[in-house]
Amino acid sequence: MALLLQHVIDAITYGSQYALYALGIALIFGIMGLINFAHGELIMVGAFTIVLIGHPGWPLVILATVGISVVFALAMQRVAFRPLRGAQPPTLLIASFAVSYLLQNLAILIEGSAPRGTNVSTWLAASFEVGSVSIPRLDVVTVAVTAVLLVALGLFLQRTRMGVQMRAAAEDFRIVRILGVRANTVIATAFAISGLLAGIGAYLLVAQTGEVSYDMGSNPVLYAFVATVLGGMGSLRGAVLGGYVFGAIFETLQAELPSSLAGYRDAFAFGAVIVMLLARPQGLIVARSVVTRV
Amino acid sequence: MRAGHLAGSALRSVWPLPALLLLVYAAAEIAFTTGSSVTRGVVVVALINLVLVVGLYVFVGNSGVFSFGSIGFASIGAYTAALLVIPPEQKAILQPLLPKFIAHAHFGSIAATLLGGVVAAAVAAVFSIPLMRLNGIAAGLATFAMLVIIRTVANSWEQVTNGAAGISGIPPEVTPTKDTTLVWALIAIVGAFAFQSTGLGLRLRGSREDDVAARSLGVTVRFERRVGWIAHGFLMGIGGALYGQYLGSFNASAFYLTLTFTTLAMLVVGGIKSLSGAVVGSLAISFVAEFLHRIEQGADVGPLHIPARPGLREVGLAIIMLTILVLRPRGLTNGRELPWPRLPRGRSSLRGSATGRGGDASERYPDVPRAGPELNSPQ
């Protein structure tokens with residue numbers, strides 16, 4: 001029973017992390033059809049900020065991490081993606097591949113390729129003990145922070161003028177522009193929000209692993225990408241749902257796969273992506289923008 | 001058209017082939033004879049990359065569907081060929097768990113390379129069943145998922161691939177030389193040109209330009225794509241087999257995101273829609289990469305000392321690729337084959353561009369962003 005509870009807690013924590021990453025990817029995809037592989041590098045630059053800034057107290061560290069991630073998000077939007085707006089999705093995907101490769105190798109160029117260790121917070125590293133179950137504080141914080149961010153993002157999209165414009169843009173960008181919405185502002189805001197999500201994700205990830213390296217963003221993005229496909233590309237609710245579903249699948253595979261097959265965990269996860277694309281290409285929650293209008 | 005022009009037009013239609021063969025041959029020979037011993041190794045790598053990029057082009061260029069997973073087939077080719085060229089005595093020591101029929105097999109380099117291509121093509125045929133049902137971005141994502149699957153299996157299948165430790169002990173005498181890789185590269189170009197000139201190749205290219213119109217003319221599309229996919233799997237397997245034998249020892253990570261990125265970069269920089277694009281792109285990027293690599297290792301340019309900078313080559317490549325994507329989205333060749341040589345005239349460039357014209361609305365109206373991809377486009 002305690003073991004099962006532990007697995008459930010792990011699954012929810014994983015799910016929260018993936019939901020956080022997936023949301024950043026789904027937001028951009030919904031608006032401009034770009035699968036941003038460089039989202040992982042936003043996490044990476046945020047993580048490097050934590051290492052480089054030292055220990056000025058956690059509020060400042062978080063502020064700096066998020067700030068740097070947002071700046072990089074806006075910069076990659078302006079330099080690489082804005083000139084390509086309206087290109088085919090595969091072209092955009094290749095461009096984001098190039099941005100990701102560029103930032104990873106810039107990190108190698110400046111900081112070297114050896115991973116750096118860091119201790120983010122001793123408070124977060126401790127655990128709550130509830131009966132025989134020990135719950136790391138970090139897990140509680142991760143779940144809580146994700147929940148708060150989801151609610152905040154939901155309110156932003158529902159209640160503010162910019163949020164409404166953004167949702168409209170995700171549905172039909174062309175019409176929205178004809179109606180006089182500023183495309184550049186909407187897209188820049190979307191990138192800023194994805195930078196914010198990446199920055200917070202970076203803080204939580206480094207608190208968990210205690211390690212920073214140039215390629216640390218690759219795996220989170222790969223998994224988040226699976227989550228967005230599962231949930232339905234372009235749908236924000238789908239991305240969140242997909243994140244939690246993937247967290248559950250991931251934890252189950254980890255716990256249940258016999259040790260001889262444990263190494264193949266990712267193969268099963270990505271096999272599920274192909275099956276999902278075939279069986280239900282629109283995902284669990286169908287975004288209105290992907291319904292083909294002829 | 002007047003009868004006298006018929007012979008000329010037939011010559012023109014095959015003209016890109018000898019031109020490309022000559023270009024690759026000349027580039028390889030010049031770089032090899034004028035360069036140092038380091039450059040000679042680079043020429044071999046550049047030619048192997050050329051095989052991989054031409055292989056990628058056979059599917060991506062002709063069908064217009066992006067594949068982010070083709071390097072997986074190169075990986076399969078590499079493992080297959082490597083396991084066949086290592087002498088059985090050595091395999092018994094290095095990989096005692098190998099299944100019998102692999103443990104006892106021993107082939108020469110050429111046969112092993114061909115078998116690498118055949119096994120890769122067979123795996124491609126299996127993957128084509130689910131993948132070729134998909135279109136557009138969904139197909140791209142699925143090929144990417146395939147890459148991760150192949151990589152994970154290659155990294156975990158201790159019995160055959162030796163897991164993360166990888167394959168070692170490939171005898172140095174099978175290391176591809178400049179001459180053997182040059183022959184493979186020229187064969188790959190001839191094969192790709194022959195494929196795109198067949199009726200099936202032309203139908204596939206037609207579906208690339210306009211899927212709906214091609215279907216209305218009776219092209220099944222899915223069948224053509226499947227054949228193109230298997231043919232490209234074969235070439236990728238050959239390229240991977242050569243690369244594996246060149247490396248001497250490798251593991252699954254040698255055939256993952258970096259190689260995927262560099263080969264795609266070469267194709268995109270050259271121009272996705274033409275064989276000339278694949279060839280020109282891979283030659284150009286190989287040249288630039290080698291140039292940047294020299295700087296990366298530190299150099300003295302006159303009085304100026306440039307310190308060693310690991311990562312510089314990759315940064316430079318990424319910047320070049322982004323620049324090309326932005327400034328010349330259809331690549332250096334603009335999606336055309338090498339032009340028939342003639343004196344420049346006023347309107348010749350205008351007429352030439354008609355062949356490279358894409359039928360896509362977003363290309364004609366670059367300002368209009370497309371909200372969502374066609375995940376649901378009808379099969």
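What counts and what doesn't
- Residues numbered from 1 in each chain as written.
- Chains lettered and ligands numbered in written order.
- Predicted model: local features only at pLDDT ≥ 70, side-chain atom pairs only at ≥ 80, totals over all residues.
- Helix = DSSP H or I, 4+ residues; strand = E, 2+ residues; numbered from the N terminus.
- Rg over C-alpha atoms; globule rule 2.2 N^0.38 Å.
- Buried ≥ 20, exposed ≤ 12 C-beta atoms within 10 Å, placed from the backbone.
- Contact = placed C-beta atoms within 7 Å.
- Axes fitted to C-alpha atoms, helices over the stretch in contact; angles between N-to-C directions.
- Parallel < 35°, antiparallel > 145°, perpendicular 65-115°, else oblique.
- Nonpolar A, V, L, I, M, F, W, Y, C, P; charged D, E, K, R; others polar.
- Expected span 1.5 Å × (residues − 1).
- Left-handed = near helix turned anticlockwise from the far one by under 90°.
- Core = buried A, V, L, I, M, F, W, Y, C linked by C-beta atoms within 7 Å.
- Pairing = 2+ DSSP bridges.
- pLDDT = per-residue confidence, 0-100.

*Asks:* So what exactly am I meant to see when it comes to the overall build of chain A here?
*Replies:* Each helix and strand counted, chain A has 12 helices and four strands in total. The C-alpha radius of gyration of chain A comes to 19 Å, within 12% of the 19 Å expected for a compact globule of 294 residues. By residue count, 51% of the 294 residues in chain A fall in the buried class.

*Asks:* Got a minute to help me understand the overall build of chain B in this structure?
*Replies:* Secondary structure summary: chain B contains 18 helices and two strands in total. With 379 residues in all, chain B has 49% of them scored as buried. Considering only contacts in chain B between residues 6 or more positions apart, those separated by 24 or more positions represent 78%.

*Asks:* In this structure, what is going on with the packing of helix α10 (residues 178-197) of chain B against helix α13 (residues 222-247) of chain B? I would like to understand it.
*Replies:* Any two packed helices are characterised by the angle at which their axes cross and by the distance between the axes. Residues and elements named next belong to chain B. Relative orientation of the contacting elements α10 and α13 amounts to 170°, with a least axis distance of 12 Å. In this view, α10 runs roughly antiparallel relative to α13, as classed from their interaxial angle. For the pair α10 and α13, the contacting residues are Thr 181, Trp 184, Ala 188, Gly 191 and Phe 195 in the first and Ala 231, Leu 235, Ile 238 and Leu 242 in the second. For the contact of α10 with α13, the per-class residue count stands at seven nonpolar, two polar and no charged.

*Asks:* Just checking my understanding: could you explain unusual backbone geometry for this structure?
*Replies:* A negative phi angle characterises most non-glycine residues, just as the trans form characterises most peptide bonds. Residue and element names in this part refer to chain B. The phi torsion at Asn 162 lies on the positive side, around 65°, for a residue other than glycine. With 20 C-beta atoms packed within 10 Å, Asn 162 lands in the buried category. Phi angles above zero are rare outside glycine, and Val 221 is one such case at about 65°. Tracing the backbone shows Val 221 in the loop between α12 (211-216) and α13. What makes Val 221 buried here is the crowd of 20 C-beta atoms within 10 Å.

*Asks:* Help me out: how do you make sense of helix α6 (residues 137-159) of chain A in this one?
*Replies:* The α-helix winds at 3.6 residues per turn, so residues separated by three or four positions along the chain end up facing the same way. For α6 of chain A, which comprises 23 residues, the first-to-last C-alpha distance of 32 Å matches the rise-based estimate of 33 Å (1.5 Å per residue) to within 8%. Buried residues in α6 of chain A make contact with α1 (2-32), β3 (133-136) and α9 (183-209) of chain A.

*Asks:* Can you walk me through the packing of helix α2 (residues 39-53) of chain A against helix α10 (residues 218-231) of chain A in this structure?
*Replies:* Residues and elements named next belong to chain A. Put simply, α2 and α10 touch, their axes get as near as 8 Å, and they point 140° apart. Between α2 and α10 lies a crossing of right-handed hand. Only Ser 218, Pro 220 and Val 221 of α10 make contact with α2, whose side of the interface consists of His 39, Gly 40 and Ile 43. Considering only residue class, the contact of α2 with α10 consists of three nonpolar, three polar and no charged.

*Asks:* Help me understand the interface of chain A and chain B in this model?
*Replies:* Accessible area lost on assembly of the parts is the figure often given for the size of an interface. Taken together, the contact pairs 49 residues of chain A with 46 residues of chain B. At the level of elements, α4 (89-111), α7 (161-171), α8 (173-178), α10 and α12 (265-279) of chain A are the ones that each hand at least two residues to the side of chain A that touches chain B. When the residues that make up the side of chain A that touches chain B are grouped by side-chain class, the tally is 33 nonpolar, 11 polar and five charged.

*Asks:* Where do I start with the environment of Ser 13 of chain B in this structure?
*Replies:* Tracing the backbone shows Ser 13 of chain B in helix α1 (residues 3-14). Along the backbone, Ser 13 of chain B and Ile 320 of chain B are 307 residues apart, and their C-alpha atoms lie at a distance of 32 Å.

*Asks:* Would you mind showing me how to read the nonpolar core here?
*Replies:* Core analysis: the biggest nonpolar cluster contains 207 residues, and Ile 31 and Val 226 of chain A together with Val 51 and Val 54 of chain B have the highest contact counts within it. Excluding its chain neighbours within four sequence positions, the residues that come into contact with Val 51 of chain B are Trp 184, Ala 185, Ala 188, Leu 235, Ile 238, Gly 239 and Leu 242 of chain B.

*Asks:* I would appreciate a short explanation of the environment of Leu 27 of chain A in the present structure.
*Replies:* Examined against the element boundaries, Leu 27 of chain A turns out to sit in helix α1. When residues no more than four places from it in sequence are discounted, the contact partners of Leu 27 of chain A are Ala 190, Ile 193, Ser 194 and Leu 236 of chain A.

*Asks:* How should the pairing of β3 of chain A be read in this particular structure?
*Replies:* Looking down a regular strand, the side chains alternate between one sheet face and the other. Residues and elements named next belong to chain A. The pairing of strand β2 (residues 127-130) with β3 spans four bridges and is antiparallel. Opposite Glu 129, over in β3, you have Ser 134 as the bridge partner. From the end of β2 to the start of β3, which pair antiparallel, there are two residues, and Gly 131 there has a positive phi angle of about 60°.

*Asks:* Explanation requested: helix α16 (residues 312-327) of chain B in the structure shown.
*Replies:* Here α16 of chain B contains 16 residues, and its C-alpha end-to-end distance of 22 Å stays within 8% of the 22 Å for a straight helix at 1.5 Å per residue. Its buried side turned inward, α16 of chain B meets α3 (58-81) and α4 of chain A together with α14 (257-270) and α15 (275-296) of chain B.

*Asks:* How should I be thinking about the confidence of the model for chain B in this particular structure?
*Replies:* Do not read the fine detail of predicted coordinates wherever pLDDT is low. Taken residue by residue, chain B gives an average pLDDT of 84. The fraction at 70 or more is 85%. This prediction of the complex comes with two scores: 0.84 for pTM and 0.82 for ipTM.

*Asks:* Honestly, the environment of Gly 67 of chain A in this entry has me stumped. Any pointers?
*Replies:* Along the chain, Gly 67 of chain A falls in helix α3. Residues Gly 67 of chain A and Gly 180 of chain A lie 113 residues apart in sequence; the distance between their C-alpha atoms is 30 Å.

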